[in-house]
Every structure is written in C-alpha cells, then in structure tokens.
Amino acid sequence: MPTPPVSTTNAPNGEQEGVRPAEGYAGDVTPACAARWVAEGNAVLVDVRTDAEREWVGYVPGAIGLAWKQWPGMALNPDFDEGIRAATTGGRKLVLLCRSGVRSIAAAKRATELGAQAYNILEGFEGNPDAQGHRGRAGGWRFHGLPWKQN
C-alpha cells in the first residue's frame, strides 16, 4: 500500500518530517518527501543510476539522468561533476535517486563537496530485496506509487 504524502513542515523534534540528518550531505529523505519537493519546484531530482537501469527498469519523468557509475564496469562517471554543477543552477536543492539508496549516498556526498544542497532518497527506485531476492516489493519510489515510466 502506498504511503501517504509526507509533510515537509517541522516535526516535534525540530527536524522536517520525511528528512533525516546525515554525515557529509544534507540528509536522507523519504521517496514521498522527495516527490513533493520536486512537484513544488523546490528540488531537482537527479537519477544517478546507469543509463541501462533507467532504460530497462524505469525512470522518473522530468528527472535528470546522470550516472554516478557507468555500465559496464561501474567506473565513476567522469562527467558527474559537470552534470551536478549544471543541475544546481537556480539554487534548488538536489534529491538523488539510485536503485536502493546506496550509490546515491556517495553521489550526494560528492554533490555536497561541489557546493550543492544534496539529499539521498531513501529506498531508491526499487527498494531492498525481499526474502526471495526480488526488488520492488518492500520499498522504493515505484513501490510507493510515485510517478515513473518504463520504455
């Protein structure tokens, strides 16, 4: 069942709902919070999965596709820094998405080093694997019913 939209108002503990503090980057956000920020025009979604993942698994309409690592071989993308600089024009915060919320942490740390206000999207696009090793059933952007398409 999809989770309800997350408010970005202040929670009782002084943090924003849907946002957790993190070391080395602005924080971690729930998929619903990231979607709300993007819909409100307060953030830019940067999908750091490989081109192949976006093409075959699915993508978020309007997101900037900027691989953190490139397939095959998963070498760091030499154009990542330039892409992040281009994405931050206008001063909006960045919300970074990968498959499960792991690569996007490293990408958020690098984006922060480049001067961006960068957040990792928890659970990623597909979420963690379930007991049978299948993704997309226990969390993630798609699981929560947020906008996405598949070719």
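Before reading on, note that the structure itself is shown above.
Anyway, here's the lowdown on the structure attached to this text. Since the structure is predicted, the reported quantities are computational estimates derived from the model, not experimental observations.

Some remarks on the packing of aromatic side chains
Point 1. On inspection of all chains with the given rule, the structure shows three aromatic pairs.
Point 2. Relative to Y119, the ring of W37 lies with its centre 4.9 Å away and its plane at 75 degrees, an arrangement referred to as edge-to-face. Of this pair, W37 sits in helix α1 (residues 31-39) while Y119 sits in strand β8 (residues 118-121), and the two are 82 residues apart along the sequence.
Point 3. W37 sits in the buried class, given a relative accessible area of 2%.
Point 4. Between W68 and F80 the ring centres are 4.8 Å apart and the planes differ by 80 degrees, which places this aromatic pair in the edge-to-face class.

Focus: the pairing of β8
Along any regular strand, the residues point their side chains to alternate faces of the sheet.
Point 1. Of the two faces of β8, the one lined by A118 and N120 and the one lined by Y119 and I121 are each fully buried.
Point 2. With three bridges connecting them, strand β2 (residues 27-29) and β8 associate as parallel partners. Residue pairing for β8: D28 is matched across the bridge by N120.
Point 3. Relative to β8, strand β7 (residues 93-97) runs parallel, the two being bridged by three bridges. Residue L94 lies in a different strand from β8, and its bridge partner there is A118.
Point 4. Following the backbone out of β7, through helix α4 (residues 103-113) and into the adjacent parallel β8, one traces a crossover that is right-handed.

Rules used in this analysis
- Residues numbered from 1 in each chain as written.
- Predicted model: local features only at pLDDT ≥ 70, side-chain atom pairs only at ≥ 80, totals over all residues.
- Heavy atoms only, no water.
- Phe/Tyr/Trp six-rings, centres within 6.5 Å; stacked < 30°, edge-to-face > 60°.
- Helix = DSSP H or I, 4+ residues; strand = E, 2+ residues; numbered from the N terminus.
- Buried < 20%, exposed > 50% of the residue type's maximum accessible area, 1.4 Å probe, protein only.
- Pairing = 2+ DSSP bridges.
- Right-handed = clockwise from strand over helix to strand, strands pointing away.

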